[in-house]
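One letter stands for each residue in the lines below.
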Amino acid sequence: MQSFRIRENQAGQRFDKFLRKFMPAAGSGFLYKMLRKKNIVLNGKKAEGKEILAVGDTVSFFFSDETFRLFTGEGQGASGNVADKTECYREAYTALKGIAVIYEDTNIVIVNKPAGILTQRDNSGQPSLNDWLLGCLLADGRLSQETLKTFRPSVQNRLDRNTSGIVLCGISLSGSQMLSELIRKREIEKYYITMVKGILKESGVLSGRLSKDERKNKVQIGEEGRAVRTAIRPLAFGDDCTCLSVKLITGRPHQIRAHMASIGHPIIGDAKYGDAAFNDFCRKKYGVRHQLLHAARIEFPAQIKGFAGLEGSVFTAPLPAVFKEVCTHGNMEFKRIERFYAGGTDKPDQ
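A few points on the structure. All of these numbers come straight from a predicted model, not from anything done at the bench. Note on numbering: residues in each chain are counted from 1, in written sequence order. This being a predicted model, a pLDDT of at least 70 is required before a residue's local features are given, and a value of 80 or more before pairs of side-chain atoms are given or counted; all residues contribute to the totals for chains, interfaces and linings. Excluding hydrogens and water, the side-chain figures rest on all heavy atoms present in the structure.

Quick notes on the overall build of the chain
Item 1. Counting from the N terminus, the helices are the DSSP runs of H or I reaching at least four residues and the strands are the DSSP runs of E reaching at least two. When its secondary structure is counted, the chain shows 11 helices and 14 strands.
Item 2. Projected onto the principal axes, the alpha-carbon positions of the chain cover approximately 70 × 45 × 40 Å.
Item 3. Only protein chains enter the area calculation, which uses a 1.4 Å probe; residues under 20% of their type maximum are buried, those over 50% are exposed, and those in between are partly exposed. Relative to its full complement of 350 residues, the chain shows a buried share of 48%.
Item 4. Partitioning the intrachain contacts of the chain with sequence separation of at least 6 by distance along the chain shows that 64% fall at a separation of at least 24.
Item 5. With the model as given, the accessible surface of the chain reaches about 17,000 Å², and the carbon-plus-sulfur share is 47%.
Item 6. Charged side chains in the chain number 53 positive and 38 negative. The centres of these two groups are separated by 4 Å. Contacts were defined at the residue level, with two residues in contact if any of their heavy atoms lie within 4.5 Å. Using the Shrake-Rupley algorithm and a 1.4 Å probe, accessible areas are obtained, with residue cover drawn only from the displayed protein chains. When charges are tallied, Lys and Arg are placed among the positive residues and Asp and Glu among the negative ones, while His and the ends of the chain are skipped. Each charge is placed at NZ for Lys, CZ for Arg, CG for Asp and CD for Glu.

As structure tokens, this is what we get:
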């Protein structure tokens, strides 16, 4: 028999969900069969799987050691061994540079991601911010190999690889659930700073429908697809370029990039939706090597159940140096950008 005591980061979830994470190599049908036959019991009693786990609950498995190791994924090599994966996370923590922690407590971490770093790992196999987060928590002792078997801290919002700025991370189960729910309900206000081609003097809300070409991994604004709305407000003008504050009213992949391109003001440095000739000009004049889109500011709602310390909190991520380079050498007035950061004025209206 093997026993496992439920801790804080396993509590508050359904028993069957916990089992699927704890025994990833076992199918759902097998797990329910084991529950019916009492090969898996909760607090010494038969369970259905619908039970909500509490701190201190005991889960017992009446399996052979070999079967237990097989279904928990131990001894499967690099693809299934937690130890192998933790080494990958530690390497990412060492390798990825420039990630700055803006805020942290026992439940969440807020970081400023540089452009060029993946938020989550993709098919390229390159390390991601999510890997870095796990490596960081392992390095300072807030996470262990044992905990990773049933709970995996994770980023809760995604930024494109070449978009910089604020990323929210849940490092406890309750923190992850809280962030996920606030993001789902759009109760966290997100504001971006971007530099676009051309002079754009009017504030407003851009509306349209966004559809995606899966083969090209590219979206477009047109008459079909999901309705999207993007609020914009000009902050400064320069040599044929404008700095905008942007608010996502809806939140779809590539929404800001596609919306700005659709009105003839593509984001500077955007290789997918931008103006290639203007991008080349800005690369030579200002050193722009990625899209100038930065997740600059987030505002938490006034009330958050169970997380009083975060209620009404505002967090900002400083502008990357390349933005300041464009402002300085592009003859832009920087005061309104500073005001946006200092007090939240000059934000787009809905």
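Next, the rest of the story.
Let's talk about the sheet that holds strand 3 (residues 58-61)
Item 1. For two strands to be treated as a pair, DSSP must find no fewer than two bridges joining them. Pairing is antiparallel in the open sheet, where three strands are placed in the order 1-3-2. Edge positions in the sheet fall to strand 1 (2-5) and strand 2 (40-42), since each of these pairs with one other strand and no more. Each adjacent strand pair in this sheet contributes to an overall mean axis angle of 15°, direction not counted.
Item 2. By the bridge criterion, three bridges tie strand 2 to strand 3 in an arrangement that is antiparallel. Residue pairing for strand 3: Ile-40 is matched across the bridge by Phe-61. For every element, the axis is a line fit to its C-alpha atoms; helices are fit only across the contacting stretch, and the angle between N-to-C directions ranges from 0 to 180 degrees.

Some points on the side chain of Ser-60
Item 1. Along the chain, Ser-60 turns up in strand 3.
Item 2. Ser-60 gets classed as buried once you look at its relative accessible area, which sits at 8%.
Item 3. Think of a polar contact as two N or O atoms within 3.5 Å of one another; within protein, one of them needs to be a possible hydrogen donor and the other a possible acceptor, and neighboring residues in sequence only count if both atoms come from side chains. Here Ser-3 takes part through its side chain, which lies 3.4 Å from a polar atom of the side chain of Ser-60.

A closer look at helix 9 (residues 276-286)
Item 1. Of the residues making up helix 9, those classed as buried are Phe-278, Asn-279, Cys-282 and Tyr-286. Relative to the axis of helix 9, the buried residues are bounded by an arc of 100° and lie together on one face. Exposed residues lying more than 90 degrees from the buried face of helix 9 are Ala-276, Ala-277 and Lys-284.
Item 2. Looking at the buried side of helix 9, the elements it contacts are strand 8 (189-197) and helix 10 (321-329).
Item 3. Where helix 9 terminates, the next one or two residues include Gly-287, which has phi positive at roughly 80°. Working definition: the arc comes from the directions between the helix axis and the C-beta atoms, pointing outward to the latter.

Some points on the layout of surface pockets
Item 1. Lining residues are those with an atom within 4 Å of a point, where the points come from a 1 Å grid over the protein atoms alone and group into cavities, where a 1.4 Å probe fits but cannot get out, or pockets, open sets with protein on both sides within 12 Å along at least five of seven lines. Grid points are joined across faces, edges and corners, and a volume is the space filled by probe spheres set on the points. The calculated volume of the largest pocket comes to roughly 1,200 Å³.
Item 2. Those elements that provide at least two residues to the lining of the largest pocket are helix 7 (173-184), strand 8, strand 12 (241-248), helix 8 (255-262) and helix 9.

Considering the nonpolar core
Item 1. Among the nonpolar cores identified, the biggest contains 33 residues, and Val-111, Leu-129, Trp-132, Tyr-192, Ile-256 and Met-260 are the most heavily contacted of them.
Item 2. Counting residues per element, the ones that place at least two in this core are strand 5 (108-113), helix 5 (129-139), strand 7 (164-170), strand 8, strand 12, helix 8 and strand 13 (293-299).
Item 3. With seven residues, the single largest contributor to this core is helix 5.
Item 4. Ignoring sequence-local partners within four residues, the contact set of Val-111 consists of Ile-99, Ala-100, Val-101, Ile-102, Leu-129, Trp-132, Gly-165, Ile-166, Val-167 and Cys-169.
Item 5. Side-chain atoms within 4.5 Å link the members of a nonpolar core, which is a set of buried Ala, Val, Leu, Ile, Met, Phe, Trp, Tyr and Cys residues. Judged by nonpolar contacts, the second largest core, of 23 residues, contains Cys-243, Tyr-286, Val-288 and Phe-323.

Notes on the pattern of salt bridges
Item 1. Here, a salt bridge means any Lys or Arg side-chain nitrogen found within 4 Å of an Asp or Glu carboxyl oxygen. Per the stated rule, a full pass over the model turns up 19 salt bridges.
Item 2. Note that Arg-233 is salt-bridged to Asp-346, the shortest N-O span being 3.6 Å. Pair noted here: Arg-233 is in strand 11 (residues 226-237) and Asp-346 is in the segment after helix 11 (335-343), with a separation of 113 residues, a long-range link.
Item 3. In this structure Arg-233 comes out as partly exposed when scored by relative accessible area, which is 25%.
Item 4. Judged by relative accessible area, which is 7%, Asp-346 ranks as buried.
Item 5. Three or more residues joined by partner-sharing salt bridges are found here, namely Arg-233, Arg-336, Arg-339 and Asp-346.

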